[in-house]
Amino acid sequence: MQDAAVPVRAERLRKSFARHGEGSLAAVDDVDIVVAPGEFLTLLGPSGCGKTTTLRMIAGFEEPDHGRVLIGDEDVTELPIYRRNIGFVFQSYALFPHLRVFDNIAYSLRVKRLARAEVGRRVDDALQMVGLGGYGSRYPNQLSGGEQQRVAVARAVVMQPRVLLFDEPLSNLDAKLRVQMRLELRRLQQELRTTTIYVTHDQEEAMAISDRIVVMERGRVVQAGTAEEIYYDPSCDFVARFIGRINAIAGVVADASADAVEVEALGVRLRARADRSRPIGTPVTVLARPESVVIAGASGSGIRGVIKERIFLGEKIEYLVDAGGLTVQAAVYKPMGMKPFDVGEPVTLDFDDKQLRVVDAAVAAE
Ligand SMILES: Nc1ncnc2c1ncn2[C@@H]1O[C@H](COP(=O)(O)OP(=O)(O)OP(=O)(O)O)[C@@H](O)[C@H]1O
Ligand SMILES: [Mg+2]
């Protein structure tokens with residue numbers, strides 16, 4: 001039934017928009033994206049970084065100034081939207097309010113003049129797939145937000161498109177439903193094995209749903225990789241701060257060997273993995289996730305600090321520790337049975353070397 005999954009490639013995509021009196025702004029600037037057949041790839045980044053514009057160029061809603069889009073082996077850059085065989089789900093659902101659920105989903109099949117029985121069968125299949133069997137005769141305004149979102153998904157998959165594109169499809173739903181729906185979308189995509197590009201600015205959603213994530217900043221791709229790769233090996237300070245929480249510690253390269261580097265920071269030498277080698281004396285930033293910080297009593301051998309804040313969160317305690325003027329975030333997991341440190345208590349801090357990462361010195365501090 002479904003064709004074999006196809007790869008999607010965006011090559012050096014660029015798009016500028018004219019701005020009032022300020023020349024033009026490159027909303028998307030030389031973006032390369034490669035999506036493997038059947039892969040679930042997410043474009044992640046802050047508001048305005050060019051995610052929607054990129055997706056719209058892949059779909060064909062927007063014409064690139066430069067670059068091309070390939071689906072399978074075919075260059076589709078010049079093809080109109082309806083010839084690209086893409087399913088698109090918007091944030092706003094964009095359902096036809098005057099059409100019943102069944103007719104909303106059947107709409108594009110009828111445009112294609114499919115036989116009546118075939119339309120009925122495919123719409124029913126799509127409704128089943130999104131868990132809305134029996135909802136066909138309702139109108140959109142008789143559905144909850146989550147149900148409307150499912151109709152929008154059913155309408156996209158019913159065409160059996162070669163590619164599925166989602167632009168923040170869950171952002172109008174409440175937090176709990178969003179978590180449930182992202183699991184459903186993931187399951188559906190794994191069932192269909194349709195190559196998928198998904199846009200969100202929610203890093204947790206991206207990590208939960210994707211095979212791979214492309215992080216964008218100001219119209220450019222700053223990193224592409226699995227959630228683990230991006231979390232543990234952020235390519236720069238921006239990515240590190242955007243994905244999860246992180247301590248950014250200023251330091252200077254003191255010794256550099258092949259795979260690890262020693263950095264003078266906070267009055268001690270930290271050993272860390274580096275994204276590339278740098279000469280001795282180079283100013284750098286050491287990135288440390290809160291869970292890589294080890295807190296011990298004042299008699300320990302690490303960096304001296306004082307507990308500024310303690311936040312109990314059940315499965316972990318978060319501490320803010322003042323270490324010579326720098327506030328270090330530390331997370332202690334499974335705190336049950338351990339005596340917590342008190343606010344004002346002097347402590348010592350150590351880092352788990354394996355989890356430290358060195359990148360270029362931050363351009364602008366927080
Ligand atoms: N039609 C347009 N005309 C002018 N500027 C535009 C247009 N569409 C987008 N832009 C600008 O291009 C940049 C990227 O916009 P885009 O919508 O792609 O961002 P986004 O990453 O999807 O953001 P968000 O998370 O807020 O949806 C923004 O600065 C935006 O103002
Ligand atoms: Mg957008």
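Residues numbered from 1 in each chain as written. Chains lettered and ligands numbered in written order. Predicted model: local features only at pLDDT ≥ 70, side-chain atom pairs only at ≥ 80, totals over all residues. Heavy atoms only, no water.

### Side note on the overall build of the protein
No. 1: For the protein, the helix and strand inventory stands at eight helices and 20 strands.
No. 2: In terms of its C-alpha atoms, the protein occupies a principal-axis envelope of roughly 80 × 50 × 45 Å.
No. 3: Taken across its 366 residues, the protein has 46% of its residues classed as buried.
No. 4: Across the protein, contacts joining residues at least 24 apart in sequence account for 67% of those joining residues at least 6 apart.
No. 5: If you average the places of the 46 positive and of the 50 negative side-chain charges in the protein, the two averages end up 5 Å apart. (Helix = DSSP H or I, 4+ residues; strand = E, 2+ residues; numbered from the N terminus. Buried < 20%, exposed > 50% of the residue type's maximum accessible area, 1.4 Å probe, protein only. Contact = heavy atoms within 4.5 Å. Lys, Arg positive; Asp, Glu negative; His and termini not counted. Charge placed at Lys NZ, Arg CZ, Asp CG, Glu CD.)

### Looking at the site of ligand 1
No. 1: Around ligand 1, the neighbouring residues are Phe 17, Leu 25, Ala 27, Pro 46, Ser 47, Gly 48, Cys 49, Gly 50, Lys 51, Thr 52, Thr 53 and Glu 168.
No. 2: Measuring from an oxygen atom of ligand 1, one finds a side-chain N or O atom of Ser 47 at 2.5 Å.
No. 3: A distance of 2.7 Å separates an oxygen atom of ligand 1 from a polar atom in the backbone of Gly 48.
No. 4: When the free accessible area of ligand 1 is taken as 640 Å², the share hidden by the protein chains comes to 59%.
No. 5: Elements with a contribution of two residues or more to the shell around ligand 1: β2 (24–35) and α1 (51–59).
No. 6: The leading source of residues in the shell around ligand 1 is α1, at three residues.
No. 7: Residues that form the shell around ligand 1 fall into these classes: five nonpolar, five polar and two charged. (Near = heavy atom within 4 Å. Polar contact = N/O pair within 3.5 Å; in protein donor to acceptor, adjacent residues only side chain to side chain. Areas by Shrake-Rupley, 256 points an atom, 1.4 Å probe, with all protein chains shown as cover. Nonpolar A, V, L, I, M, F, W, Y, C, P; charged D, E, K, R; others polar.)

### As for unusual backbone geometry
No. 1: Notably, Arg 113 is not glycine yet its phi reads approximately 60°, a positive angle.
No. 2: Take Arg 113: it is sitting in the loop between α2 (101–111) and α3 (116–129).
No. 3: Judged by its relative accessible area of 74%, Arg 113 is exposed.
No. 4: Located in the positive-phi region is Gln 160, a residue other than glycine, with phi close to 50°.
No. 5: In this fold, Gln 160 is placed in the loop between α4 (145–157) and β7 (163–167).

### Some words on the side chain of Ser 210
No. 1: For Ser 210, the position within the fold is in the loop between α6 (203–209) and β9 (212–217).
No. 2: The class of Ser 210 is buried, set by a relative accessible area of 14%.
No. 3: A polar contact of 2.6 Å, which involves the side chain of Ser 210, links it to the side chain of Thr 42.
No. 4: Polar contacts involving the side chain of Ser 210 include one to the main-chain carbonyl oxygen of Ala 206, which spans 2.5 Å.
No. 5: If near-sequence neighbours (up to four positions away) are discounted, Ser 210 is found in contact with Phe 40, Thr 42 and Arg 186.

### Examining the state of the cysteines
No. 1: Counted according to the given criterion, the structure contains zero disulfides.
No. 2: Looking at Cys 49, it has no disulfide partner, and the nearest cysteine sulfur is the one in Cys 236, 13 Å off.
No. 3: Cys 49 gets classed as buried once you look at its relative accessible area, which sits at 2%. (Disulfide = S-S within 2.5 Å.)

### With respect to the nonpolar core
No. 1: Residues Ile 105 and Val 153 are the most contacted members of the largest nonpolar core, which totals 32 residues.
No. 2: Broken down by secondary-structure element, the contributors of at least two residues to this core are α2, α3, α4, β7 and α5 (175–192).
No. 3: Ranked by residue count, the leading element in this core is α4, at six residues.
No. 4: Beyond its immediate sequence surroundings of up to four residues, Ile 105 is in contact with Val 123, Ala 126, Leu 127, Val 151, Ala 154, Arg 155 and Val 158. (Core = buried A, V, L, I, M, F, W, Y, C linked by side-chain atoms within 4.5 Å.)

### With respect to the pattern of salt bridges
No. 1: Within the structure shown, the criterion is met by 31 salt bridges.
No. 2: We note a salt bridge from Arg 14 to Asp 30, for which the minimum N-O separation is 3.2 Å. Highlighted residues: Arg 14 in strand β1 (residues 8–18) and Asp 30 in strand β2, separated in sequence by 16 residues.
No. 3: Arg 212 is the partner of Glu 39 in a salt bridge, and the nearest nitrogen-oxygen pair spans 2.6 Å. Of the two residues, Glu 39 sits in the loop between β2 and β3 (40–44) while Arg 212 sits in strand β9, which places them 173 residues apart along the sequence.
No. 4: On the accessibility criterion, Glu 39 (10% relative accessible area) is buried.
No. 5: One continuous salt-bridge network, built from bridges that share partners, spans Arg 9, Glu 11, Arg 68 and Asp 75. (Salt bridge = Lys/Arg side-chain N within 4 Å of Asp/Glu carboxyl O.)

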